[in-house]
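Structure at a glance
Below, each chain spelled out in residue letters.
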Amino acid sequence: MLLCKTSYVEICDIEHLALVGNSLAAWPQNLKNCRRIRHPLRETKPFLRDKIICKSSGAHIGNVQNNLNIGLYKTKNVALFKASDTVLDCGQGAIIDFPTWKTIREMLDIKTAEVKLNVATLLLLAGRAEEELAAGLTEEALPAGSQGGAPNETQPAETVVVEDDEPPSKKQKKEPINPHAWKQEDLPEYPNAIELVSSESSSTYRALQEECEQADVVAYDIQWTPDFDDGTDNPIALLQLAFPITGNIYVLQLPLLKRGVPAEV
C-alpha cells in the first residue's frame, strides 16, 4: 500500500502500482484520499498536467503527467509519485521510506523496464529491509507525528538507504539439514528470509539448489496471467517455494530463468 509520508493515509493499493523505469506509477483513477489541481507549470512544461495533493495533510505527493518524461507509456496521462513524500507499507509492521524509487529496482535486482508490484514483492522488500537494518545499512525511524499518535499508523518505519550497488554478502556455509526436523517443532509464524530468484548465476539460485537437495518437504504457490477464455493458456510466471525447516522462501521469476525450473526443484 502506498501511503502519504506526512499523514500515513492510504493513497493507492499495491495491485495498481508499477515501477516504470525508475518511477513509481499508477493510473489516476486508482488513487484515493487525494485531490488533483492544475499544475502551475503546465504552460511552460506541458508534460506536467496536475498536482496530486493528499486531502489529509495537504502534501504534494506526485503529479499527473503525460509520457514526455518517462518515455512512451500507453500514450496516456499517468500518476507519478514523489519518493520524498510517500512511503510503502510492506505489511508485517514494515513501512519503507525509499530515498528514490530506483532503490526498489536495486533491492530486487530487476532490470526489466516495467515491474508490477504485488504482495510477494512487498514481503520480499520487507525482508531485505530487515536484513539491511540488522547489518546497519539502514536506520529505523518513527513515522512523522507518531509521538502524539499518527492518524493511521503506529508501527515504526524502516528508512532504506542504499549507498552503492555492492553485491549481497556471501552466505555462510550451511550445516547439513535434518529433513525431518520440522516434524518435532512448532513452525514460526513468519519466514526468516524471502529471496528473489531471477538469474541462474545469482547466489540465491545456488542457495535454492542446495536447499532443495536436502529437503523432503516444501510448500509452493504458483501465479500466472489469468486465462480469460478457452483460447489462452498463459505459462506460470512466479513459483514460490517455502522450506519449513529453515523458514526460507524463494520467489522464482520463471520467464527470466533460461532453463526454467531448476532440476533440483
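In the block above lies the structure referred to throughout.
The structure reproduced in this document is the subject of the present report. (Residues numbered from 1 in each chain as written. Predicted model: local features only at pLDDT ≥ 70, side-chain atom pairs only at ≥ 80, totals over all residues. Heavy atoms only, no water.)

Side chains that are nonpolar tend, in soluble globular proteins, to be buried together. Grouped together as the largest cluster of nonpolar side chains are 41 residues, with contacts concentrated most on Leu2, Leu17, Phe81, Trp101 and Leu125. For this core, the element with the highest residue contribution is helix H2 (residues 119–134), accounting for 4 residues. In contact with Phe81, not counting residues within four places along its chain, are Leu2, Ile11, Leu17, Leu24, Ala25, Ala26, Leu31, Ile52, Ile61, Gly62, Thr86 and Trp101. By size, the runner-up hydrophobic cluster in this structure holds 12 residues, among which are Tyr205, Leu208, Cys212 and Leu239. (Core = buried A, V, L, I, M, F, W, Y, C linked by side-chain atoms within 4.5 Å. Buried < 20%, exposed > 50% of the residue type's maximum accessible area, 1.4 Å probe, protein only. Helix = DSSP H or I, 4+ residues; strand = E, 2+ residues; numbered from the N terminus. Contact = heavy atoms within 4.5 Å.)

A few words now on the packing of aromatic side chains. Summed over all chains, the structure comprises 2 aromatic pairs. Centroid distance Phe98 to Trp101: 6.1 Å. Interplanar angle 50°. Geometry classified as tilted. Residue class for Trp101 comes out buried when judged on its relative accessible area of 5%. Summarising the aromatic geometry, the rings of Phe243 and Tyr250 are spaced 5.9 Å apart at their centres and angled 85° between planes, so their arrangement reads as edge-to-face. Per residue, the accessibility class of Phe243 equals that of Tyr250, and both read buried. (Phe/Tyr/Trp six-rings, centres within 6.5 Å; stacked < 30°, edge-to-face > 60°.)

If you trace the 4 strands from one edge of the open sheet to the other, you get S14-S17-S16-S15, paired in mixed fashion. The sheet is open, and its two borders are formed by strand S14 (193–197) and strand S15 (219–224), each paired with just one other strand. Ignoring strand direction, the axes of neighbouring strands in this sheet form an average angle of 15°. Where S14 meets strand S17 (residues 248–253), 5 bridges bridge the pair, whose relative direction is parallel. Within S17, the residue paired with Ala193 across the bridge is Asn248. (Pairing = 2+ DSSP bridges. Axes fitted to C-alpha atoms, helices over the stretch in contact; angles between N-to-C directions.)

Read across the open sheet, the 7 strands follow the order S5-S6-S7-S8-S4-S3-S11; overall the sheet is antiparallel. The open sheet has two edge strands, strand S5 (34–38) and strand S11 (114–116), and neither has a second partner. In this sheet, neighbouring strand axes are inclined to one another by 30° on average, regardless of whether the strands run parallel or antiparallel. Of the pairings in the sheet, the one linking strand S3 (residues 18–20) to S11 comprises 3 bridges and is antiparallel in character. Looking at the pairing, Val20 lines up with Glu114 of S11.

Summed over all chains, the structure comprises 7 salt bridges. A salt bridge links Lys5 to Asp97; the shortest N-O distance between them is 2.8 Å. A residue pair is termed long-range when its members are at least 10 positions apart, and Lys5 in the loop between strand S1 (2–4) and strand S2 (10–12) and Asp97 in strand S10 (residues 95–97) qualify at 92 residues. Since its relative accessible area comes to 12%, Asp97 is described here as buried. For Arg36, the salt bridge identified is with Asp50, shortest N-O distance 2.7 Å. One end of the pair, Arg36, is in strand S5; the other, Asp50, is in strand S6 (residues 48–54), with 14 residues separating them in the sequence. For Asp50, a relative accessible area of 11% corresponds to the buried category. Residues joined by salt bridges that share partners form a network here, namely Glu10, Asp13 and Lys32. (Salt bridge = Lys/Arg side-chain N within 4 Å of Asp/Glu carboxyl O.)

A few words now on the layout of surface pockets. Of the voids in this model, the second largest pocket is the one considered here, and its volume is about 650 Å³. Along the walls of the second largest pocket sit 25 residues, with Lys116, Asn118, Ala237, Leu238 and Gln253 positioned nearest its centre. Secondary-structure elements contributing two or more residues to the lining of the second largest pocket are S11, H2, S15, strand S16 (236–243) and S17. Split by residue class, the lining of the second largest pocket holds 16 nonpolar, 6 polar and 3 charged. (1 Å grid on protein atoms, 1.4 Å probe; cavity = no way out; pocket = protein on both sides within 12 Å on 5 of 7 lines; lining within 4 Å. Points joined across faces, edges and corners; volume = space filled by probe spheres on them. Nonpolar A, V, L, I, M, F, W, Y, C, P; charged D, E, K, R; others polar.)

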